[in-house]
2 protein chains.
Amino acid sequence: MSRVLYHAQFCPFSRKIIFGMREKKLPFQEVIEELGSPSARLLSLNPWGELPVLVDQQLVCANSYVISEYLEEVYALPVLMGESPAYRSEVRRLMSWFDKIFYQDVFWCLFYEKVLKYKLKGNPPDTRVLKKGYTLLNEHMDYVEQLAETHHFLAGKNFSWADITAAAHISCIDYLGDVAWKNFPMAKEWYIKIKSRPAFRPFLSQMAFGVRSCEHYGSLDF
Amino acid sequence: MSRVLYHAQFCPFSRKIIFGMREKKLPFQEVIEELGSPSARLLSLNPWGELPVLVDQQLVCANSYVISEYLEEVYALPVLMGESPAYRSEVRRLMSWFDKIFYQDVFWCLFYEKVLKYKLKGNPPDTRVLKKGYTLLNEHMDYVEQLAETHHFLAGKNFSWADITAAAHISCIDYLGDVAWKNFPMAKEWYIKIKSRPAFRPFLSQMAFGVRSCEHYGSLDF
């Protein structure tokens, strides 16, 4: 087996690909990179240092968009992108929304600000940025609540890369205890389904850079 | 025929999809939106107002990533994503590099700063931002030069979405005359090939918000 994933802990894009590969039951070796300090080997594979990078036999796939499309094409089962063009468009639309909007508004304002900024630069969080992050998190969780009210899974009746991507992003924020689950009962039911998947479970015992998780982070019943 | 594309002039993501649809010889109606002021109809199709949006019969595809994958799946010929998993990974890697890195570093620092900022906010360009934009444009064109030195087209021997995406972004900047083509002879040869494609030609007579194009913008021999 020569399938190696370069990734970082609590990088939502890395989490997405790890979760997806476990759902597809693809074994892989891991090389853990440090967020913000790419290794020489990583830079030789991807000059922009972006994570994750998958090396599958000889083929190098850099960045989570390229990897998710590659995995879906080459390891088709179980289908995670959806069976019809309409379903696939909805899955991809949601992936792109979480990877762009949710990431930029929430990961940067909360996870970066609270955890990574101190680790990388030694600076404490800026309370104005945190305030903005909480407001946007609530707005975006309202949208997740609407999706979860409408369907069994986020893009429709089947589990997909949309759920994988959403869970990758939301779980990083939930680690900090910042999601007000009581205000989002249907989103919470959806997240309970995700947490009970064997492919997702290993994330629930990870620890982020010496910061303790909130009490319910690892618990299936919260 | 019910295929409608909501797009904006000199939006590189819109250009990408228009160019790709013309290459696939798919007729479509156009609804031209104003950058920065999405219409009510656009917001009803895509709450984030992001362009372009394609409505193909009943199916709504929002954002250029979703649309390019959709077009490739549903209108397979001519193949523009590549024939093998390795080629497709390279095409997607380059699309993502232009849409993320090149766009953020170059479109925002040059096209937005010189043209859109005044139109949207009435503010003149900030010379520090322009300086940063020129530096990054040259760095990124060096990379395009390397790609063009290695292959006939950017991802390899066949024309692909990588060329389409690159041309969409570069042509907006070239309109302003900011690309120092004499320093990038192989990239220039590649761009001559692109300019001579019938599907690309119509962009060469467009005008941006009352700003005149540089002298060579529309010319096939420059």
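Rules and cut-offs
- Residues numbered from 1 in each chain as written.
- Chains lettered and ligands numbered in written order.
- Predicted model: local features only at pLDDT ≥ 70, side-chain atom pairs only at ≥ 80, totals over all residues.
- Heavy atoms only, no water.
- Helix = DSSP H or I, 4+ residues; strand = E, 2+ residues; numbered from the N terminus.
- Rg over C-alpha atoms; globule rule 2.2 N^0.38 Å.
- Buried < 20%, exposed > 50% of the residue type's maximum accessible area, 1.4 Å probe, protein only.
- Contact = heavy atoms within 4.5 Å.
- Areas by Shrake-Rupley, 256 points an atom, 1.4 Å probe, with all protein chains shown as cover.
- Lys, Arg positive; Asp, Glu negative; His and termini not counted.
- Charge placed at Lys NZ, Arg CZ, Asp CG, Glu CD.
- Phe/Tyr/Trp six-rings, centres within 6.5 Å; stacked < 30°, edge-to-face > 60°.
- Least-squares fit on C-alpha atoms with pLDDT ≥ 70 in both.
- Buried area = accessible area lost by both parts, 1.4 Å probe.
- Salt bridge = Lys/Arg side-chain N within 4 Å of Asp/Glu carboxyl O.
- Pairing = 2+ DSSP bridges.
- Axes fitted to C-alpha atoms, helices over the stretch in contact; angles between N-to-C directions.
- Core = buried A, V, L, I, M, F, W, Y, C linked by side-chain atoms within 4.5 Å.

## Some words on the overall build of chain A
1) Next: When its secondary structure is counted, chain A shows 7 helices and 4 strands.
2) Next: Taken from the N to the C terminus, the helices and strands of chain A come in the order β-α-β-α-β-β-α-α-α-α-α.
3) Next: Here the C-alpha radius of gyration of chain A, 17 Å, is about what a compact globule of 222 residues would show, namely 17 Å.
4) Next: C-alpha atoms of chain A, sized along the principal axes, occupy 45 × 45 × 25 Å.
5) Next: Looking at chain A as a whole, 56% of its 222 residues are labelled buried.
6) Next: For chain A, the share of sequence-separated contacts (at least 6 apart) that also reach a separation of at least 24 residues comes to 69%.
7) Next: About 9500 Å² of surface is accessible on chain A, with carbon and sulfur atoms providing 54% of the total.
8) Next: In chain A, 26 positive and 25 negative side-chain charges are present, and the distance between their average locations comes to 2 Å.

## Points about the packing of aromatic side chains
How two aromatic rings sit relative to each other is set out by the distance from centre to centre and by the angle between their planes.
Residues and elements named next belong to chain A.
1) Next: Scanning the model with the defined rule gives 51 aromatic pairs over all chains in all.
2) Next: Between the aromatic rings of Phe153 and Phe159, the centroid separation amounts to 5.6 Å while the plane-to-plane angle is 75 degrees, which identifies the pairing as edge-to-face.
3) Next: Residue Phe153 is classed as buried on the basis of its relative accessible area of 10%.
4) Next: With a relative accessible area of 9%, Phe159 lands in the buried category.
5) Next: Connected via pairs of aromatic rings, a cluster forms that spans Phe10, Phe13, Tyr103, Phe107, Trp108, Phe111, Tyr112, Tyr175 and Tyr217.

## What to know about the relation of the copies chain B and chain A
1) Next: Of the transformation superimposing chain B on chain A, the axial component is 0.0 Å and the angular component is 180 degrees, with the fit at an RMSD of 0.0 Å. Here the copies are linked by what is in effect a two-fold axis.
2) Next: An overlap of 100% is found between the interface residues of chain B and their copies at the interface of chain A, pointing to a shared contact surface.

## Some points on the interface of chain B and chain A
The parts lose accessible area when they come together, and the size of an interface is often stated as this lost area.
1) Next: At the interface, 23 residues of chain B touch 23 residues of chain A.
2) Next: Carbon and sulfur atoms make up 60% of the area that chain B and chain A hide from each other, which totals about 2100 Å².
3) Next: Here chain B and chain A share 8 salt bridges between them.
4) Next: With its nearest N and O atoms 2.5 Å apart, the salt bridge here joins Lys100 of chain B to Glu50 of chain A.
5) Next: Elements that contribute at least two residues to the side of chain B that touches chain A include exactly β4 (59–62), α3 (64–74) and α4 (85–121) of chain B.

## A few points about the sheet that holds strand β4 (residues 59–62) of chain A
All names here are of chain A.
1) Next: In space, the 4 strands of this open sheet follow the order β2-β1-β3-β4, with mixed pairing throughout. In this open sheet, the two edge strands, each paired with only one partner strand, are β2 (29–32) and β4. Each strand axis lies, on average, 15 degrees off the axis of its neighbour in the sheet, ignoring direction.
2) Next: Packed onto the sheet, helix α1 (residues 12–23) meets β1 (3–7) and β3 (53–56) and runs at close to 150 degrees relative to β1.

## Overview of the nonpolar core
As a rule of thumb, nonpolar side chains are buried together in soluble globular proteins.
1) Next: Counting 163 residues, the largest nonpolar core has Phe111 and Trp190 of chain A together with Leu71, Phe111 and Trp190 of chain B as its most contacted members.
2) Next: Every residue in contact with Phe111 of chain B, bar those within four places of it in the chain, is listed here: Phe10, Val106, Leu116, Cys172, Ile173, Leu176, Ala208 and Phe209 of chain B.

## Some thoughts on the sheet that holds β4 of chain B
Sheet strands pair by backbone hydrogen bonding; their relative direction is either parallel or antiparallel.
Residues and elements named next belong to chain B.
1) Next: Overall, mixed pairing links the 4 strands, which are arranged β2-β1-β3-β4 in an open sheet. Both outer strands of the open sheet, β2 (29–32) and β4, are each paired with one neighbouring strand and no more. Geometrically, the sheet is characterised by an average inter-axis angle of 15 degrees between neighbouring strands, direction not taken into account.
2) Next: As defined by bridge partners, strand β3 (residues 53–56) adjoins β4 across 4 bridges and the pair is classed as antiparallel. Bridging from a neighbouring strand, Val53 pairs with Ala62 of β4.
3) Next: Packing against the sheet, helix α1 (residues 12–23) makes contact with β1 (3–7) and β3, and its axis sits at approximately 150 degrees to β1.

## Here we look at unusual backbone geometry
1) Next: Here the bond from Leu51 of chain A into Pro52 of chain A is cis, since omega is -5 degrees, no more than 30 degrees from zero.
2) Next: Here Pro52 of chain A lies in the loop between α2 (40–45) and β3.
3) Next: Cis geometry is adopted by the peptide bond preceding Pro78 of chain B, which originates at Leu77 of chain B and carries an omega value of -10 degrees.
4) Next: Assignment of secondary structure puts Pro78 of chain B in the loop between α3 and α4.
5) Next: Of note, the phi angle at Asn63 of chain B is positive, near 90 degrees, even though the residue is not glycine.
6) Next: Within the secondary structure, Asn63 of chain B is located in the loop between β4 and α3.
7) Next: Exposure remark for Asn63 of chain B: the relative accessible area of 4% places this residue in the buried category.

That's the geometry; what it means functionally is another story.
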